[in-house]
Amino acid sequence: MDSQTVSRHAAKPDAPTAGTLKPNALGVVGILFFVLSAQAPLTGIAGAAPIAVALGNGPGVPAAYLVAGLVILLFSVGFVAMGRHVVDAGAFYTYIGKGLGRTTGTGSAGLALFAYCTIQAAMYGLYGAIVSGLVASHTGLDLPWWVWTLATMAIVQALGAAGVEMGAKVLAVFVLAEFSILSVFALVTLFKGGGPEGLGLADSFSPSAALDGAPGVAVMFAVASMFGFEATAIYGEEAREPKKTVPRATYLAVVVVTGFFALVSWMLVSSYGASKATAAAGRALEGGDGAGFVFAPIAADFGGWVGDVLPVLLATSLFAGILTFHNSANRYLFSLGRDRLLPLRLCRLNRRHAPSTAGCVQTVLAVLLVVPFALAGKDPVLTLFSWFSGVAVLAMMLLYLLTSVSVVVFFRRARLDTRPWNTLIAPALGALGIAGAIWLILANFTTLIGGERTTALWLTLSVPVVMALGLAAARVRGRTVAAADG
C-alpha cells in the first residue's frame, strides 16, 4: 500500500479524521444493498428483458446473462486483487492511475463522473414519467414529469447528506421489495414446472439457443443490466475491514445479480413458452408497453393486485438506483477534491461525515442534465432515459477495460501479489470479454438507445471526447499543482 493510502487510514478506525469518510459504517450486507439498488433489478428486467428477447436471441436470453456474469466475474478477480492494496473512494480513477499513470487515471475520473451522472439523469427521466402517470391515474393530479423529478432531486440530496447508513437503510426497503416479488415469481414458476411448454432448460441454455438470432444484442443488454456492481470499491473507506468486506461484497454481488437475472429471465420465457416468448415480447414493445411482457405473467400467478403494485415498485426501483448513483458520484467528487484535482471545497464533510459540498455539486449536475430535456419538451423515456443510459453503459465499459489493463500493469510492476490467476490470467480474460462487449455495444448502439444513427454517432463520440477533456484537464492541473508546490 502506498504511503498516501497508509496515512489516509492510519487513524483509529472509528475516529474520523479531516478529509476522511466515516469508517466502519458499512458491512457486506450494506454494501450489497448499494450494489443491488444500482442494478435496479425490476428496472433491469422490465426494461431490458423484453427488448433482449424480441430483438436478441429470443428464449436464449437467460444464457446471455450467464455470459455477461462470467465476464464481470473475471473482471472482478483483478478488481478485488487491486482493492486489497488500494482503498479509496475514487475507485476506478485511483486503480487506473496506479497502473497506467496519474494522468490517465485522472482523465478516467472525468469519464466515471460522466457515466454516473448520465445514468442517474437517465433514471430521473424514466422515474419522472412513471411517477407522473401513477399520480395522475390514482389522484387525477396531472403534473409534468419534470416536477416530480426535481422534487425527488431534493429528497435524494437530503438522504445523501444524512449519511451512508441512512442511505443503506432506505435502499434496503426498496431493494428487498422488488427483489422479493420477482424472486417469488421465479421460484413459484420453477417449482410448478414452468409454463405451457415446461421449464425449457435446453431452449434457454443450450449452445444452439444461446447463439440463435442476434446473441450480441442480448449480451449487450445483459451487460447493461449489470451496471453499478463496482460500487463495492467506492465504499471501501466506509466499510468494516475493507480488505475482507469489499472482496466478499463484490463476489457476492456478481453471483447474486447474475443468478437473479438468469433465473427470472428464464422463468419469464418459460411462463410464455419458448416458442411463443419472442412473439409476446415483440407485441408488448409494439404496443408501447414493454414492461407488460414482465408484469402480465406475474399478475397471472398472483392476481390483479400485482398490476397496481409493480408500477409502484418500478418507481421505487428507479429511486433506489438514483440514490446509489448520487452517492457514487459525490464520492468521486470528494476524492478528486481531496487529491487536489478539483477544488478542495469538494472534500468538505458535514456532521454526519457525508460529502456535503460534493453532494450539492452532484445534484446541480443532475439538474443541468435533466432540465434541457424538460425545456425542449422531449419525451423523457424515448430521449433522456434511452440516450443517457446507452452512453453511460458505453463509458462504464471503457472504464472496466482500462481498469483490467491497469491491474495487469500494476502487479507486473509492483509485484505485491504474484498469483498468476488473480493478477494476470483473469484480468486479461476479463479485458478480452469486456473488449468484446464494447464491440457489441458499438455495433448495436442505435438499438441500445432506441434512436437514429445520427443521434447514436453523436452520443458515441461524447465518450472519447469526455476522456480527452479529462486527460487535458489532468495535465493542466498537474502542472498547476506542481508549480504551487514548487
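Residue indices follow the written sequence of each chain, beginning from 1 at its first position. Note on the predicted model: pLDDT of at least 70 is required for a residue's local features to be given, and 80 or more for side-chain atom pairs to be given and counted; whole-chain, interface and lining totals, by contrast, use all residues. Calculated side-chain values reflect all of the structure's heavy atoms, with hydrogen atoms and water omitted.

## Considerations on the overall build of the chain
Note the threshold: The way it works is that DSSP assigns letters per residue, a run of H or I at least four long becomes a helix, a run of E at least two long becomes a strand, and they are numbered from the N terminus. Working definition: with a 1.4 Å probe on protein chains only, accessible area under 20% of the residue-type maximum means buried, over 50% means exposed, and in between means partly exposed. We get accessible surface area from the Shrake-Rupley algorithm with a probe of 1.4 Å; when it comes to residues, only the shown protein chains can shield them.
A tally of helices and strands in the chain yields 21 helices and zero strands. Among the 486 residues that make up the chain, the fraction classed as buried is 57%. Working note: accessible area of the chain is about 18,700 Å², and carbon and sulfur atoms make up 68% of it.

## Looking at the pattern of salt bridges
Where we set the bar: Salt bridge criterion: a side-chain nitrogen from Lys or Arg within 4 Å of a carboxyl oxygen from Asp or Glu.
All told, the structure shown has three salt bridges when counted by the stated rule. Across the pair K192 and D301 runs a salt bridge, and its minimum N-O distance is 3.0 Å. Here K192, found in the loop between α8 (164–191) and α9 (201–205), pairs with D301, found in helix α15 (residues 292–302); they are 109 residues apart in sequence, far enough to count as distant. Among the ionic pairs, D417 bridges to R419, the shortest N-O distance being 2.6 Å. Here R419 falls in the partly exposed class, since its relative accessible area comes to 37%.

## Points about the side chain of Q362
Keep this limit in mind: We define a polar contact as two N or O atoms separated by no more than 3.5 Å, with the added condition that, inside protein, one atom must be a possible hydrogen donor and the other a possible acceptor, whereas residues neighbouring each other in sequence contribute only through side-chain atom pairs. Contacts between residues were defined by any pair of non-hydrogen atoms, one from each residue, lying within 4.5 Å.
In this fold, Q362 is placed in helix α17 (residues 356–375). Side-chain polar atoms of Q362 contact the side chain of Q120, separated by 2.8 Å. Leaving out residues up to four positions away in the same chain, Q362 has contacts with C117, Q120, H326, A329, N330 and L333.

## Some details on the packing of aromatic side chains
Inclusion rule: Only Phe, Tyr and Trp rings take part, Trp by its six-membered ring, and two of them pair if their centres are within 6.5 Å. Stacked means planes under 30 degrees apart, edge-to-face means over 60, and tilted covers everything else.
Applying the stated rule across the entire model yields 14 aromatic pairs. A ring pair is formed by F179 and F260, whose centres lie 4.4 Å apart and whose planes are at 20 degrees; its orientation type is stacked. Placement of F179 in helix α8 and of F260 in helix α13 (residues 242–272) is noted, with a sequence separation of 81 residues between them. Look at F205 and W266: their rings are 5.3 Å apart centre to centre, the planes differ by 80 degrees, and that puts the pair in the edge-to-face class. Of this pair, F205 sits in helix α9 while W266 sits in helix α13, and the two are 61 residues apart along the sequence. Judged by its relative accessible area of 12%, W266 falls in the buried class. Pairwise contacts between aromatic rings join Y65, F179, F260 and F261 into one cluster.

## Digging into helix α14 (residues 274–286)
Of the residues making up α14, those classed as buried are A274, A277, A280, A281, G282 and A284. Two residues or fewer past α14, G288 is found with a positive phi of approximately 80 degrees.

## Remarks on unusual backbone geometry
For R415, which is not a glycine, the phi torsion comes out positive at approximately 55 degrees. Following the sequence through the fold, R415 ends up in the loop between α18 (380–414) and α19 (420–443).

## Quick notes on the environment of S404
Tracing the backbone through its elements, the reader meets S404 in helix α18. Look at S404 and you get buried, because its relative accessible area is 2%. Each C-alpha atom of the pair S404 and A426 lies 9.0 Å from the other, and the pair is 22 residues apart in sequence. Residue contacts for S404: discarding those within four places in its chain leaves F75, P427, G430, A431 and I434.

## Focus on the nonpolar core
Test applied: Working definition of a nonpolar core: buried Ala, Val, Leu, Ile, Met, Phe, Trp, Tyr and Cys residues. They are joined through side-chain atoms within 4.5 Å.
Formed by 138 residues in total, the largest nonpolar core has its most connected members in Y65, F92, F227 and M397. Here this core takes 19 residues from helix α6 (residues 102–139), the largest share from any one element. Apart from the residues lying within four places of it in its own chain, the contact partners of Y65 are G44, A48, A49, A222, S225, M226, T258, F261, A262 and S265.

## A closer look at a nonpolar patch on the surface
How we decide: Within this analysis, patches are made of residues with over 30% relative accessible area and no salt bridge. Like charges are joined at 9 Å or less; nonpolar side chains (Val, Leu, Ile, Met, Phe, Trp, Tyr) at 5 Å or less.
Residues W421, L424, I425, L429 and L432 make up a contiguous nonpolar surface patch of about 470 Å² in total accessible area. With respect to the helices, strands and loops of the structure, L429 is situated in helix α19. For L429, a relative accessible area of 38% corresponds to the partly exposed category.

## Comments concerning the confidence of the model for the chain
What counts here: Confidence scores per residue from the predictor, reported as pLDDT, run from 0 to 100.
Across the chain, pLDDT averages 83, with 86% of residues at or above 70. Of all the helices and strands in the chain, helix α1 (residues 3–8) carries the lowest mean pLDDT, 39, while α9 carries the highest, 93.

## Some thoughts on the packing of α17 against α18
To keep it simple, the criterion reads: Angular values range over 0 to 180 degrees, each being the angle between N-to-C directions of two axes fitted as lines to C-alpha atoms, with helices fitted over their stretch in contact. Each residue is assigned to one of three groups, with Ala, Val, Leu, Ile, Met, Phe, Trp, Tyr, Cys and Pro labelled nonpolar, Asp, Glu, Lys and Arg labelled charged, and all others, Gly among them, labelled polar.
Where α17 meets α18, the closest approach of the two axes is 10 Å, and the angle between their N-to-C directions is 140 degrees. Across the interface between the two elements, L369, V370 and F373 from α17 touch T383, L384, W387 and F388 from α18. Here the residues of the contact of α17 with α18 are counted per class, giving six nonpolar, one polar and no charged.

## Brief notes about the environment of V135
Mapped onto the elements, V135 comes out in helix α6. A relative accessible area of 18% places V135 in the buried class. For V135, the residues in contact, after removing those within four places along its chain, are G140, L141 and W148.

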